Amino acid sequence: MKTNIAHGLKKYLPDLLQAKQDDLNESETLKGIDKVFEDVLGYDWRTEICHELEVKSKYVDRAIKIDGTIKFFVEAKAAGNKLRQRHVEQVELYAAEANIPWLLVTNGVEWKFYHLTIATGEPVEFEEVFSVTLAEETIEKCAEMLAYLHRNSVKAGEHERFWEHQRAVSAATIGKAIFTEDVLCHIRKEIHQRKEILIDIEELAGAIHNLLTTEAKELIGPPKVHYHKRAVKESKVQPADADDAPAVSESVSQSSEPAESGEQDIDAPTGDTPSRL
(Lines give C-alpha, C1' and ligand atoms only; values in the text may rest on other atoms or scores of the structure.)
Protein backbone atom coordinates (compact mmCIF):
# COMPACT_ATOMS: atom_id res chain seq x y z
CA MET A 1 0.00 0.00 0.00
CA LYS A 2 1.30 3.45 -0.91
CA THR A 3 2.26 5.89 1.83
CA ASN A 4 -0.02 8.91 2.13
CA ILE A 5 2.26 11.92 1.64
CA ALA A 6 -0.43 14.60 1.19
CA HIS A 7 0.11 16.16 4.63
CA GLY A 8 3.90 16.43 4.22
CA LEU A 9 3.61 17.72 0.67
CA LYS A 10 1.19 20.44 1.75
CA LYS A 11 3.76 21.55 4.33
CA TYR A 12 6.38 22.25 1.65
CA LEU A 13 4.05 23.49 -1.07
CA PRO A 14 4.25 27.23 -0.15
CA ASP A 15 8.07 27.16 -0.17
CA LEU A 16 8.21 25.36 -3.53
CA LEU A 17 5.76 27.78 -5.13
CA GLN A 18 7.60 30.76 -3.67
CA ALA A 19 10.88 29.42 -5.08
CA LYS A 20 9.32 29.43 -8.54
CA GLN A 21 8.00 32.96 -8.07
CA ASP A 22 11.42 34.16 -6.86
CA ASP A 23 13.10 32.33 -9.77
CA LEU A 24 15.67 30.67 -7.53
CA ASN A 25 18.75 29.25 -9.20
CA GLU A 26 19.32 25.51 -9.57
CA SER A 27 21.49 25.19 -6.48
CA GLU A 28 18.91 26.85 -4.23
CA THR A 29 16.09 24.87 -5.87
CA LEU A 30 17.89 21.62 -5.11
CA LYS A 31 17.87 22.44 -1.40
CA GLY A 32 14.07 22.43 -1.42
CA ILE A 33 13.92 19.26 -3.52
CA ASP A 34 16.27 17.52 -1.06
CA LYS A 35 13.94 18.42 1.81
CA VAL A 36 11.01 16.85 -0.05
CA PHE A 37 12.98 13.64 -0.56
CA GLU A 38 14.01 13.58 3.07
CA ASP A 39 10.90 14.72 4.95
CA VAL A 40 8.09 13.77 2.52
CA LEU A 41 9.42 10.80 0.57
CA GLY A 42 11.27 9.18 3.44
CA TYR A 43 14.89 8.95 2.27
CA ASP A 44 17.94 9.20 4.53
CA TRP A 45 19.93 12.28 3.48
CA ARG A 46 23.18 10.71 4.62
CA THR A 47 23.13 7.46 2.63
CA GLU A 48 20.21 7.51 0.20
CA ILE A 49 20.24 10.98 -1.39
CA CYS A 50 23.57 10.98 -3.23
CA HIS A 51 24.86 14.32 -4.50
CA GLU A 52 26.65 14.90 -7.81
CA LEU A 53 27.15 11.26 -8.78
CA GLU A 54 29.81 10.89 -11.48
CA VAL A 55 28.84 8.89 -14.57
CA LYS A 56 31.33 8.73 -17.45
CA SER A 57 33.00 12.03 -16.42
CA LYS A 58 29.57 13.70 -16.15
CA TYR A 59 27.63 14.46 -13.01
CA VAL A 60 24.02 13.62 -12.19
CA ASP A 61 22.37 16.02 -9.73
CA ARG A 62 21.04 13.28 -7.45
CA ALA A 63 21.00 9.50 -7.33
CA ILE A 64 18.41 7.95 -5.03
CA LYS A 65 19.59 4.75 -3.34
CA ILE A 66 17.94 2.08 -1.23
CA ASP A 67 20.08 -0.50 0.56
CA GLY A 68 23.09 0.67 -1.44
CA THR A 69 21.46 0.23 -4.86
CA ILE A 70 20.64 3.17 -7.13
CA LYS A 71 16.92 3.20 -7.90
CA PHE A 72 16.63 6.33 -10.03
CA PHE A 73 18.43 9.49 -11.07
CA VAL A 74 17.18 13.00 -10.40
CA GLU A 75 17.85 15.88 -12.77
CA ALA A 76 16.99 19.24 -11.22
CA LYS A 77 16.36 22.55 -12.95
CA ALA A 78 16.02 26.06 -11.57
CA ALA A 79 12.59 26.70 -10.06
CA GLY A 80 11.62 29.24 -12.70
CA ASN A 81 12.60 27.04 -15.67
CA LYS A 82 9.84 25.19 -17.46
CA LEU A 83 10.74 21.54 -17.97
CA ARG A 84 11.29 20.54 -21.58
CA GLN A 85 12.06 17.34 -23.45
CA ARG A 86 15.68 18.38 -23.98
CA HIS A 87 16.14 18.27 -20.21
CA VAL A 88 15.26 14.57 -20.31
CA GLU A 89 17.49 13.94 -23.30
CA GLN A 90 20.31 15.67 -21.45
CA VAL A 91 20.42 13.09 -18.67
CA GLU A 92 19.00 9.96 -20.33
CA LEU A 93 22.42 9.15 -21.75
CA TYR A 94 23.90 9.12 -18.24
CA ALA A 95 21.11 6.85 -17.03
CA ALA A 96 21.57 4.50 -19.97
CA GLU A 97 25.35 4.30 -19.46
CA ALA A 98 24.76 3.45 -15.79
CA ASN A 99 21.94 1.04 -16.74
CA ILE A 100 19.44 2.92 -14.58
CA PRO A 101 15.96 2.69 -16.19
CA TRP A 102 14.20 5.30 -14.03
CA LEU A 103 14.63 9.05 -14.20
CA LEU A 104 13.01 12.01 -12.47
CA VAL A 105 13.23 15.55 -13.83
CA THR A 106 11.95 18.33 -11.57
CA ASN A 107 12.15 22.04 -10.80
CA GLY A 108 10.42 21.58 -7.45
CA VAL A 109 6.98 22.42 -8.83
CA GLU A 110 6.87 20.26 -11.94
CA TRP A 111 7.73 16.59 -11.40
CA LYS A 112 8.16 14.29 -14.42
CA PHE A 113 9.02 10.63 -13.93
CA TYR A 114 10.28 8.53 -16.85
CA HIS A 115 11.05 4.93 -17.69
CA LEU A 116 13.96 4.22 -20.02
CA THR A 117 14.10 1.13 -22.22
CA ILE A 118 17.77 0.22 -22.50
CA ALA A 119 18.76 -2.48 -24.98
CA THR A 120 22.24 -3.26 -26.30
CA GLY A 121 22.72 -1.90 -29.79
CA GLU A 122 19.40 -0.08 -29.76
CA PRO A 123 18.67 3.64 -29.18
CA VAL A 124 17.40 4.47 -25.72
CA GLU A 125 13.65 4.99 -25.57
CA PHE A 126 12.11 7.02 -22.77
CA GLU A 127 8.43 7.14 -21.90
CA GLU A 128 6.67 9.30 -19.35
CA VAL A 129 5.31 7.39 -16.36
CA PHE A 130 3.59 10.40 -14.79
CA SER A 131 3.76 14.16 -14.71
CA VAL A 132 2.39 16.48 -12.03
CA THR A 133 2.50 20.21 -11.38
CA LEU A 134 2.12 21.18 -7.75
CA ALA A 135 -0.72 23.58 -6.91
CA GLU A 136 -3.09 24.00 -3.99
CA GLU A 137 -6.10 22.79 -5.98
CA THR A 138 -4.34 19.63 -7.22
CA ILE A 139 -2.25 18.73 -4.18
CA GLU A 140 -4.16 15.51 -3.40
CA LYS A 141 -3.74 14.15 -6.91
CA CYS A 142 -0.10 15.18 -6.97
CA ALA A 143 0.48 13.44 -3.65
CA GLU A 144 -1.11 10.28 -5.04
CA MET A 145 1.34 10.21 -7.95
CA LEU A 146 4.46 11.29 -6.04
CA ALA A 147 3.74 8.59 -3.46
CA TYR A 148 5.08 6.12 -6.01
CA LEU A 149 8.48 7.72 -5.37
CA HIS A 150 8.26 7.24 -1.60
CA ARG A 151 11.00 5.01 -0.24
CA ASN A 152 8.53 2.32 0.83
CA SER A 153 6.85 2.28 -2.59
CA VAL A 154 10.09 2.13 -4.54
CA LYS A 155 11.49 -0.61 -2.32
CA ALA A 156 8.31 -2.64 -2.83
CA GLY A 157 8.40 -2.09 -6.59
CA GLU A 158 5.08 -0.26 -6.69
CA HIS A 159 6.42 2.27 -9.21
CA GLU A 160 7.23 -0.65 -11.55
CA ARG A 161 3.77 -2.19 -11.20
CA PHE A 162 2.18 1.19 -11.82
CA TRP A 163 4.24 1.57 -14.99
CA GLU A 164 3.28 -1.90 -16.22
CA HIS A 165 -0.40 -1.11 -15.63
CA GLN A 166 -0.10 2.22 -17.44
CA ARG A 167 1.42 0.49 -20.45
CA ALA A 168 -1.31 -2.17 -20.44
CA VAL A 169 -4.10 0.42 -20.69
CA SER A 170 -2.24 2.77 -23.04
CA ALA A 171 -3.70 3.75 -26.40
CA ALA A 172 -0.89 1.94 -28.19
CA THR A 173 -1.52 -1.36 -26.40
CA ILE A 174 -5.31 -1.22 -26.72
CA GLY A 175 -5.00 -0.17 -30.37
CA LYS A 176 -2.87 -3.20 -31.16
CA ALA A 177 -5.44 -5.44 -29.46
CA ILE A 178 -8.34 -3.92 -31.38
CA PHE A 179 -6.70 -4.26 -34.79
CA THR A 180 -6.35 -8.04 -34.60
CA GLU A 181 -8.29 -10.39 -36.83
CA ASP A 182 -10.19 -12.05 -33.98
CA VAL A 183 -11.45 -8.76 -32.51
CA LEU A 184 -12.38 -7.26 -35.85
CA CYS A 185 -14.22 -10.43 -36.89
CA HIS A 186 -16.19 -10.35 -33.65
CA ILE A 187 -17.15 -6.71 -34.20
CA ARG A 188 -18.08 -7.46 -37.81
CA LYS A 189 -20.27 -10.33 -36.61
CA GLU A 190 -22.04 -8.07 -34.11
CA ILE A 191 -22.72 -5.47 -36.80
CA HIS A 192 -23.97 -8.16 -39.17
CA GLN A 193 -26.40 -9.46 -36.55
CA ARG A 194 -27.70 -5.98 -35.80
CA LYS A 195 -27.72 -4.42 -39.29
CA GLU A 196 -27.66 -7.47 -41.58
CA ILE A 197 -24.69 -6.00 -43.43
CA LEU A 198 -21.36 -7.82 -43.74
CA ILE A 199 -18.52 -5.29 -43.66
CA ASP A 200 -15.08 -5.95 -45.08
CA ILE A 201 -12.49 -6.27 -42.27
CA GLU A 202 -10.18 -3.64 -43.76
CA GLU A 203 -13.05 -1.18 -44.14
CA LEU A 204 -14.08 -1.83 -40.53
CA ALA A 205 -10.50 -1.22 -39.31
CA GLY A 206 -10.43 2.13 -41.10
CA ALA A 207 -13.81 3.15 -39.65
CA ILE A 208 -12.67 2.30 -36.11
CA HIS A 209 -9.45 4.24 -36.62
CA ASN A 210 -11.50 7.31 -37.58
CA LEU A 211 -13.24 7.17 -34.19
CA LEU A 212 -9.97 7.78 -32.36
CA THR A 213 -8.67 11.12 -31.18
CA THR A 214 -5.69 12.65 -32.92
CA GLU A 215 -3.49 11.86 -29.93
CA ALA A 216 -4.56 8.21 -29.91
CA LYS A 217 -3.95 7.94 -33.66
CA GLU A 218 -0.40 9.22 -33.20
CA LEU A 219 0.26 6.62 -30.50
CA ILE A 220 -1.32 3.73 -32.40
CA GLY A 221 -0.18 4.66 -35.90
CA PRO A 222 -2.05 3.74 -39.08
CA PRO A 223 -4.61 0.92 -38.81
CA LYS A 224 -2.95 -2.42 -39.45
CA VAL A 225 -4.91 -5.66 -39.36
CA HIS A 226 -2.87 -8.40 -37.70
CA TYR A 227 -3.84 -11.64 -39.43
CA HIS A 228 -3.30 -15.12 -38.04
CA LYS A 229 -0.89 -17.45 -39.73
CA ARG A 230 -3.03 -19.87 -41.69
CA ALA A 231 -2.57 -23.60 -41.30
CA VAL A 232 -1.53 -25.45 -44.45
CA LYS A 233 -2.50 -29.10 -44.92
CA GLU A 234 -0.60 -31.51 -47.16
CA SER A 235 -2.75 -33.74 -49.39
CA LYS A 236 -1.77 -36.36 -51.89
CA VAL A 237 -2.89 -35.78 -55.50
CA GLN A 238 -2.77 -38.86 -57.69
CA PRO A 239 -2.33 -38.66 -61.48
CA ALA A 240 -4.88 -40.25 -63.78
CA ASP A 241 -2.84 -43.46 -64.00
CA ALA A 242 -1.60 -44.10 -60.52
CA ASP A 243 0.47 -47.09 -61.64
CA ASP A 244 2.55 -45.06 -64.12
CA ALA A 245 3.51 -42.03 -61.98
CA PRO A 246 4.47 -41.37 -58.35
CA ALA A 247 2.21 -39.47 -55.98
CA VAL A 248 2.63 -35.66 -56.08
CA SER A 249 2.42 -33.58 -52.89
CA GLU A 250 0.27 -30.45 -53.20
CA SER A 251 -0.21 -27.76 -50.56
CA VAL A 252 -3.85 -26.92 -49.97
CA SER A 253 -4.57 -23.71 -48.05
CA GLN A 254 -7.32 -23.91 -45.46
CA SER A 255 -8.40 -20.34 -46.01
CA SER A 256 -8.65 -17.71 -48.68
CA GLU A 257 -6.89 -15.26 -46.31
CA PRO A 258 -3.12 -14.60 -46.69
CA ALA A 259 -1.06 -17.71 -45.90
CA GLU A 260 1.53 -15.81 -43.90
CA SER A 261 0.92 -13.80 -40.76
CA GLY A 262 1.50 -10.10 -41.03
CA GLU A 263 0.09 -6.61 -41.07
CA GLN A 264 -1.82 -4.79 -43.74
CA ASP A 265 -2.03 -1.03 -43.92
CA ILE A 266 -5.57 0.23 -44.34
CA ASP A 267 -6.60 3.52 -45.85
CA ALA A 268 -9.24 5.12 -43.63
CA PRO A 269 -12.59 5.60 -45.39
CA THR A 270 -13.16 8.97 -46.95
CA GLY A 271 -16.27 11.03 -46.48
CA ASP A 272 -17.86 12.11 -43.24
CA THR A 273 -15.81 11.21 -40.22
CA PRO A 274 -17.74 9.42 -37.41
CA SER A 275 -18.04 11.11 -34.05
CA ARG A 276 -14.85 10.81 -32.04
CA LEU A 277 -14.65 8.80 -28.86
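Our subject is the structure listed above.
Model, not experiment: these values are computed from the prediction.

Draft legend 1. The overall build of the protein, seen in detail. On a plain count of helices and strands, the protein comes out with 10 helices and 10 strands. Looking at the protein as a whole, 37% of its 277 residues are labelled buried. A separation threshold of at least 6 residues defines the contact pool for the protein, and within that pool the share at least 24 residues apart is 55%. Put simply, the protein shows about 16,500 Å² of open surface, and 49% of that area lies on carbon and sulfur atoms.

Draft legend 2. Broad picture of unusual backbone geometry. Positive phi, normally seen in glycine, also occurs at D67, with a value near 55 degrees. Looking at the secondary structure, you find D67 in the loop between β2 (58-66) and β3 (69-76). Residue class for D67 comes out exposed when judged on its relative accessible area of 56%.

Draft legend 3. Spotlight on the packing of aromatic side chains. Taken as a whole, this structure holds 8 aromatic pairs when the rule is applied. Taking 6.2 Å as the distance between ring centres and 55 degrees as the angle between the ring planes, the aromatic pair formed by F37 and W111 counts as tilted. With a gap of 74 residues between them, F37 in helix α2 (residues 26-40) and W111 in strand β5 (residues 110-117) connect regions that are remote in the sequence. Taking relative accessible area as the criterion, F37 reaches 1% and is therefore assigned buried. Seen from their ring centres, F72 and F113 are 5.8 Å apart, and the 80 degrees between their planes marks the pair as edge-to-face.

Draft legend 4. Up close: helix α8 (residues 181-195). Spanning 15 residues, α8 covers 20 Å between terminal C-alpha atoms, matching the ideal 21 Å at 1.5 Å per step. Phi turns positive one or two residues past the end of α8, at E196, with a value near 55 degrees.

Draft legend 5. Looking closely at the sheet that holds strand β1 (residues 49-55). With mixed pairing, 6 strands are arranged side by side in an open sheet as β1-β2-β3-β4-β5-β6. One side of each edge strand has no neighbouring strand; the edge strands of this open sheet are β1 and β6 (125-133). Adjacent strand axes in the sheet meet at a mean angle of 30 degrees, parallel and antiparallel pairs treated alike. Two strands pair when backbone bridges link them, and β3 and strand β4 (residues 102-106) are joined in this way by 4 bridges, in the parallel orientation. Counterpart to F73 in the pairing with β4 is L103. Packed on one face of the sheet, helix α6 (residues 158-168) meets β4, β5 and β6 and runs near 105 degrees to β6.

Draft legend 6. Broad picture of the environment of I201. The residue I201 is located in helix α9 (residues 201-211) in this model. Using a relative accessible area of 5% as the deciding quantity, one classes I201 as buried. Distance from I201 to R188, taken between C-alpha atoms, is 7.2 Å for residues 13 residues apart in sequence. Setting aside residues up to four positions removed in sequence, I201 forms contacts with L184, C185, R188, V225 and Y227.

Draft legend 7. How the structure looks around the layout of surface pockets. Its boundaries defined by the atoms lining it, the largest pocket holds a volume of some 440 Å³. Looking at the largest pocket, it is lined by 16 residues, and the ones nearest its centre are E127, Q166, S170, A171 and L219. Where the lining of the largest pocket is concerned, the elements lending two or more residues are β6, α6, α7 (171-178) and α10 (214-220). Its residues placed into classes, the lining of the largest pocket shows 9 nonpolar, 3 polar and 4 charged.

Draft legend 8. Quick peek at the pattern of salt bridges. Evaluated as defined, the whole model comprises 11 salt bridges. Across the pair K31 and E28 runs a salt bridge, and its minimum N-O distance is 3.1 Å. Separated by 3 residues within a single helix, K31 and E28 lie in helix α2, roughly one turn from each other. The class of E28 is partly exposed, set by a relative accessible area of 34%. A salt bridge links K35 to D39, with the shortest nitrogen-to-oxygen separation between them at 3.5 Å. Placement of the pair is K35 and D39 together in helix α2, with a separation of 4 residues, close to one helical turn. Residue classification places D39 among the partly exposed positions, given a relative accessible area of 40%. Through salt bridges with shared partners, a single network forms among E48, D67, R151 and K155.

How each quantity is defined
- Residues numbered from 1 in each chain as written.
- Predicted model: local features only at pLDDT ≥ 70, side-chain atom pairs only at ≥ 80, totals over all residues.
- Heavy atoms only, no water.
- Helix = DSSP H or I, 4+ residues; strand = E, 2+ residues; numbered from the N terminus.
- Buried < 20%, exposed > 50% of the residue type's maximum accessible area, 1.4 Å probe, protein only.
- Contact = heavy atoms within 4.5 Å.
- Areas by Shrake-Rupley, 256 points an atom, 1.4 Å probe, with all protein chains shown as cover.
- Phe/Tyr/Trp six-rings, centres within 6.5 Å; stacked < 30°, edge-to-face > 60°.
- Expected span 1.5 Å × (residues − 1).
- Pairing = 2+ DSSP bridges.
- Axes fitted to C-alpha atoms, helices over the stretch in contact; angles between N-to-C directions.
- 1 Å grid on protein atoms, 1.4 Å probe; cavity = no way out; pocket = protein on both sides within 12 Å on 5 of 7 lines; lining within 4 Å.
- Points joined across faces, edges and corners; volume = space filled by probe spheres on them.
- Nonpolar A, V, L, I, M, F, W, Y, C, P; charged D, E, K, R; others polar.
- Salt bridge = Lys/Arg side-chain N within 4 Å of Asp/Glu carboxyl O.

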